[in-house]
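What follows is the residue order along each chain.
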Amino acid sequence: MNLEKKFEETLKKIKISKSEKILVALSGGKDSAVVAYLLKKGGYNIEGLHIDLGMGKYSEDCLKKIQELCRNLKIKLWVFEVKKEFGNSMCYIRSKIQAEKKGIKNCAICGVIKKRILNKEARKLEVSKIATGHNLDDEAQTFLINIFKGSPELSSNSGAITQNKKDKKFITRIKPLFYIAEKEVKAYAMKMKLPVNYEKCPCAIDSYRIQIRNFLEKEKTRSKENIIHCLEKLKNKVNELKSLEKVFYCENCGEPSRKNICKSCELMS
Ligand code: AMP
Ligand code: ZN
């Protein structure tokens, strides 16, 4: 099955409508560019949001590519500037956190902060869903990492659609590339000549994920699909473990959270 067909099949499975507004989280990379391109091509009602991390040339290049993509595709683009909103770049924020809380990986910090920004901005923009570019390789890696951590319940939110029914403040997230291998996405982005920054984030030096990625890279796409099928077969069990958890509102920022202080505020305080 080719990429476009798989994309369509995934959309059928997650049942999105053409009238609802979807916010595509645009990083400047190939994956989210392909998501925006194909959703727009399919006639969906999308807008884009980029979180400008203020990380020098890398961030500038990402923003330029996204602006070009949105201009070409006629997509309204929103930019959240970390430097303007938080007073410092992501590099500074991260170093400060790591100086006090040793051992937290770069990508873990950035990921938590980006997730919170996305959810909050999506609510402000009154969209019904957030679409991200996570692909089959990303998801297979994450599931394996969670297994190695001994915490499969961390994967309860994984899936082509994440409907956190526990709280309306959580915006539903969709991953239209959930079943599509990274190399296929890359080939497609190149074939369509999409404006993309192919450089890796200079701070992505989370050695554990790289280790897992290197291990999985040697495996066939079929094996990665099998990992995802395992996740789907175990989903009900994993969700049972998770359903025991309560949702709180962060005492600091008011966002929904698993504890009385959300992960983002816990890191940034
Ligand atoms: P990553 O974790 O960097 O592989 O990113 C996974 C997905 O998160 C991307 O495909 C985007 O949809 C979204 N994303 C990552 N970084 C950003 C960003 N700076 N701004 C907006 N969305 C982002
Ligand atoms: Zn908070």
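A brief report on the enclosed structure follows. (Residues numbered from 1 in each chain as written. Chains lettered and ligands numbered in written order. Predicted model: local features only at pLDDT ≥ 70, side-chain atom pairs only at ≥ 80, totals over all residues. Heavy atoms only, no water.)

This part is about the coordination of the zinc ion (ligand 2). At this site the zinc ion (ligand 2) is bound by C250 (SG), C253 (SG), C262 (SG) and C265 (SG), with donor distances of 2.3 to 2.4 Å. Because the angles between the four donor atoms bound to the zinc ion (ligand 2) fall within 106 to 113 degrees, the donor set is best described as tetrahedral. Each donor residue of the zinc ion (ligand 2) lies on the same chain, and together they follow the pattern C-x2-C-x8-C-x2-C. Here the residue C253 occupies a position in the loop between β7 (248-249) and β8 (256-257), and C265 occupies one in helix α11 (residues 263-268), the gap between them amounting to twelve residues. Since its relative accessible area comes to 21%, C253 is described here as partly exposed. Judged by its relative accessible area of 7%, C265 falls in the buried class. (Donors = N, O, S within 2.8 Å, 3.2 Å for Na, K, Ca; no water. Tetrahedral: all angles 85-135°; square planar, octahedral: opposite > 155°, others 65-115°. Helix = DSSP H or I, 4+ residues; strand = E, 2+ residues; numbered from the N terminus. Buried < 20%, exposed > 50% of the residue type's maximum accessible area, 1.4 Å probe, protein only.)

This paragraph deals with the environment of E47. Checked against the element boundaries, E47 lands in strand β2 (residues 45-52). Residue classification places E47 among the buried residues on the basis of a relative accessible area of 12%. The spatial distance from the C-alpha of E47 to the C-alpha of I261 is 30 Å, given a sequence separation of 214 residues. Excluding residues within four positions of it along the chain, E47 makes contact with K21, I22, L23, V24, I75, K76 and W78. Looking at E47, its side chain comes within polar contact range of the side chain of W78, at 2.8 Å. (Contact = heavy atoms within 4.5 Å. Polar contact = N/O pair within 3.5 Å; in protein donor to acceptor, adjacent residues only side chain to side chain.)

For the rest of this paragraph, the subject is the site of ligand 1. Near ligand 1 the following residues occur: A25, L26, S27, S32, L49, H50, I51, K114, T132, G133 and H134. A distance of 2.6 Å separates an oxygen atom of ligand 1 from a polar backbone atom of A25. Measuring from a nitrogen atom of ligand 1, one finds a backbone N or O atom of L26 at 3.3 Å. Here ligand 1 has 480 Å² of accessible area as a free molecule, and 75% of this is covered by the chains. Sort the elements by how many residues they give to the shell around ligand 1 and β2 lands first, with three residues. (Near = heavy atom within 4 Å. Areas by Shrake-Rupley, 256 points an atom, 1.4 Å probe, with all protein chains shown as cover.)

As a further point, take the packing of aromatic side chains. Here the structure, examined in full by the defined rule, presents three aromatic pairs. The side chain of K18 reaches across the aromatic face of Y44, ending 5.2 Å from its centre. (Phe/Tyr/Trp six-rings, centres within 6.5 Å; stacked < 30°, edge-to-face > 60°. Lys NZ or Arg CZ within 6 Å of the ring centre and 35° of its normal.)

Interhelical geometry of helix α1 (residues 3-14) versus helix α8 (residues 182-191) gives an angle of 115 degrees and a closest axis separation of 11 Å. Across from L3, E4 and K6 in α1, the residues of α8 making contact are E184, V185 and Y188. Per-class residue counts for the contact of α1 with α8 are three nonpolar, no polar and three charged. (Axes fitted to C-alpha atoms, helices over the stretch in contact; angles between N-to-C directions. Nonpolar A, V, L, I, M, F, W, Y, C, P; charged D, E, K, R; others polar.)

Before going further, it helps to spend a moment on the pairing of strand β3 (residues 76-81). Two strands pair when backbone bridges link them, and β2 and β3 are joined in this way by six bridges, in the parallel orientation. Residue pairing in the sheet places G48 in a bridge with L77 of β3. (Pairing = 2+ DSSP bridges.)

Let's shift gears to the pattern of salt bridges. The final tally for this structure, using the stated rule, is 16 salt bridges. Between K5 and E9 there is a salt bridge, with the nearest N and O atoms lying 3.8 Å from each other. A residue pair is termed a helical-turn pair when its members lie 3 or 4 positions apart in one helix, as K5 and E9 do in helix α1 at four residues. With a relative accessible area of 32%, E9 lands in the partly exposed category. Between R222 and E225 there is a salt bridge, and its shortest N-O distance comes to 3.2 Å. Of this pair, R222 and E225 both sit in helix α10 (residues 221-243), three residues apart, which is roughly one turn of that helix. Through salt bridges with shared partners, a single network forms among K5, E8, E9 and K12. (Salt bridge = Lys/Arg side-chain N within 4 Å of Asp/Glu carboxyl O.)

To continue, consider unusual backbone geometry. Not every positive phi belongs to a glycine, and K15 is a case in point at roughly 50 degrees. By relative accessible area, K15 is classed as exposed at 67%. The phi torsion at K193 lies on the positive side, around 55 degrees, for a residue other than glycine. For K193, the position within the fold is in the loop between α8 and α9 (207-217).

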